[in-house]
Amino acid sequence: METTSRVSAQAPAAEGGPQLPSAGRTVGDYLRAPFPWYGLDEAFTGPRWLMQVGTAADGAVEHGSIGHGDEPSVWGEAGAAGEPRDKFAVVVTVAAHPSRRSADGTGMLEATSVSSAAWLAGVGLLSFTWPGQMDHTLRDSWLEQQTETAWALADDLDGPEWSRLSLPVDGVAASFHYRESEFGWVLAGTTEAGVHLGAYGRGMSAYGLGFAVVKDVSAYA
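(A) Inspection of the overall build of the protein chain at higher detail. Secondary structure assignment for the protein chain yields 3 helices and 11 strands. Going residue by residue from the N terminus, the α and β elements of the protein chain occur as α-β-β-β-β-β-β-α-α-β-β-β-β-β. Residues counted as buried form 50% of the 221 residues belonging to the protein chain. Nonlocal contacts in the protein chain, meaning residues at least 24 apart in sequence, comprise 65% of its contacts between residues at least 6 apart.

Structure representation (structure tokens):
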């Protein structure tokens, strides 16, 4: 799969614990990106918040996430059965580029693709998921297994686990790869603006969403 390295683009879940929205919420990191950020379009009127950015080995901003709705907690970690889940959608923006030499000339940076966005969205959803009745000591093993599954699914976007979903991007219909699981939904596609888009969520239907360039990312800080 043409994607960013699983080290440089590693998701929070694979690092041993959930990345809460408030962690890494530094608008300066977003402003350093040489590409536009995407979020839900203006039809969504709820809260919006910055999450985190990912960088390449040379420090260049490669991708990042913007949240919408409730700031999610880890589902399944606590709470009585039947407790309402958080309602949120997170949009992941990934710079679209071919493989190229790093800025410091010390190595090659891998290409990104729609699969990159699909994997980042898949493990992003996992970072806010904890299977009910699972002992805390087993979660690392579960996360490792599920992260590998998310990687395999992202590498097979034409496989049976995915369907197609048409959603507006900057007001124009675009095709996305879409899948659902017991933990929520994940989708991935691309844009005409030089970025790939991933998204994941729970409690909010993906079918009514639309995406648009964020005009002022600093307003989300």
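(B) Spatial organisation of the environment of Gly-54. Within the fold, Gly-54 resides in strand S2 (residues 48–55). Note: C-alpha distance between Gly-54 and Asp-29 (25 residues apart in sequence) is 9.1 Å. Sequence-distant contacts of Gly-54, that is, excluding residues within four places in its chain, are made with Ala-60, Val-61, Glu-62 and His-63.

(C) Layout of the pairing of strand S3 (residues 61–69). With 9 of its 9 residues buried, S3 lies for the most part within the structure. As paired elements, S2 and S3 share 7 bridges and run antiparallel to each other. Bridging from a neighbouring strand, Gln-52 pairs with Ser-65 of S3. Taking the residues that link successive antiparallel strands as the turn, the S2-S3 hairpin has 5 residues, and the phi of Gly-59 there is positive, at about 90°.

(D) Structural detail: unusual backbone geometry. With phi around 55°, Asp-170 is a residue other than glycine that occupies positive phi space. Under the relative-accessibility criterion, Asp-170 is labelled partly exposed at 40%.

(E) Broad picture of the side chain of Thr-93. Position of Thr-93 relative to the elements: it lies in strand S4 (residues 88–95). Residue class for Thr-93 comes out buried when judged on its relative accessible area of 0%.

(F) Representation of helix H2 (residues 114–126) within the structure. With 13 residues, H2 extends 19 Å between its outermost C-alpha atoms, agreeing within 8% with the 18 Å of an ideal straight helix rising 1.5 Å per residue. Here H2 lies mainly inside the structure; 13 of its 13 residues are buried. Where H2 starts, the residue carrying a side-chain oxygen 3.2 Å from the main-chain nitrogen of Ser-115 turns out to be Ser-113.

(G) Region of the structure containing the pattern of salt bridges. With the rule as written, the count across this model stands at 1 salt bridge. With its nearest N and O atoms 3.8 Å apart, the salt bridge here joins Arg-32 to Asp-29. Given a relative accessible area of 45%, Arg-32 falls into the partly exposed group. Note on Asp-29: relative accessible area 25%, which makes it partly exposed.

(H) Just the side chain of Thr-191, in detail. Mapping Thr-191 onto the fold places it in the loop between strand S9 (184–190) and strand S10 (195–202). Under the relative-accessibility criterion, Thr-191 is labelled buried at 11%. From its side chain, Thr-191 meets the backbone nitrogen of Ala-193 in a polar contact 3.0 Å long. Among the polar contacts listed, one links the side chain of Thr-191 to the backbone oxygen of Val-195, at a separation of 3.0 Å.

(I) Spatial organisation of the confidence of the model for the protein chain. Summing up the model confidence of the protein chain, the mean pLDDT is 80 and the portion of residues at 70 or higher is 73%. Scored below 50 in pLDDT, residues 1–24 makes 67 contacts in the model with residues more than four places away or belonging to other chains. Counted against residues more than four places away or in other chains, residues 77–81, with its pLDDT under 50, gives 3 contacts.

(J) Quick look at the nonpolar core. Within the largest apolar cluster, 59 residues are counted, with the highest numbers of intra-cluster contacts made by Trp-37, Leu-187, Tyr-200 and Phe-211. Top element by residues in this core is H2. It accounts for 9 residues. Residues contacting Trp-37, with those up to four places away along its chain left out, are Tyr-30, Val-53, Val-61, His-63, Gly-64, Ile-66, Thr-93, Ala-212, Val-213, Val-214 and Val-217.

(K) A look at the environment of Gly-122. Locating Gly-122 in the fold gives a position in helix H2. You can call Gly-122 buried: its relative accessible area is 4%. Considering only alpha carbons, one finds Gly-122 and Arg-179, 57 residues apart in sequence, at a separation of 9.7 Å. When near neighbours in sequence (up to four residues on either side) are disregarded, Gly-122 contacts Ala-150, Arg-179 and Val-186.

So, how was this worked out
Residues numbered from 1 in each chain as written. Predicted model: local features only at pLDDT ≥ 70, side-chain atom pairs only at ≥ 80, totals over all residues. Heavy atoms only, no water. Helix = DSSP H or I, 4+ residues; strand = E, 2+ residues; numbered from the N terminus. Buried < 20%, exposed > 50% of the residue type's maximum accessible area, 1.4 Å probe, protein only. Contact = heavy atoms within 4.5 Å. Pairing = 2+ DSSP bridges. Expected span 1.5 Å × (residues − 1). Polar contact = N/O pair within 3.5 Å; in protein donor to acceptor, adjacent residues only side chain to side chain. Salt bridge = Lys/Arg side-chain N within 4 Å of Asp/Glu carboxyl O. pLDDT = per-residue confidence, 0-100. Core = buried A, V, L, I, M, F, W, Y, C linked by side-chain atoms within 4.5 Å.

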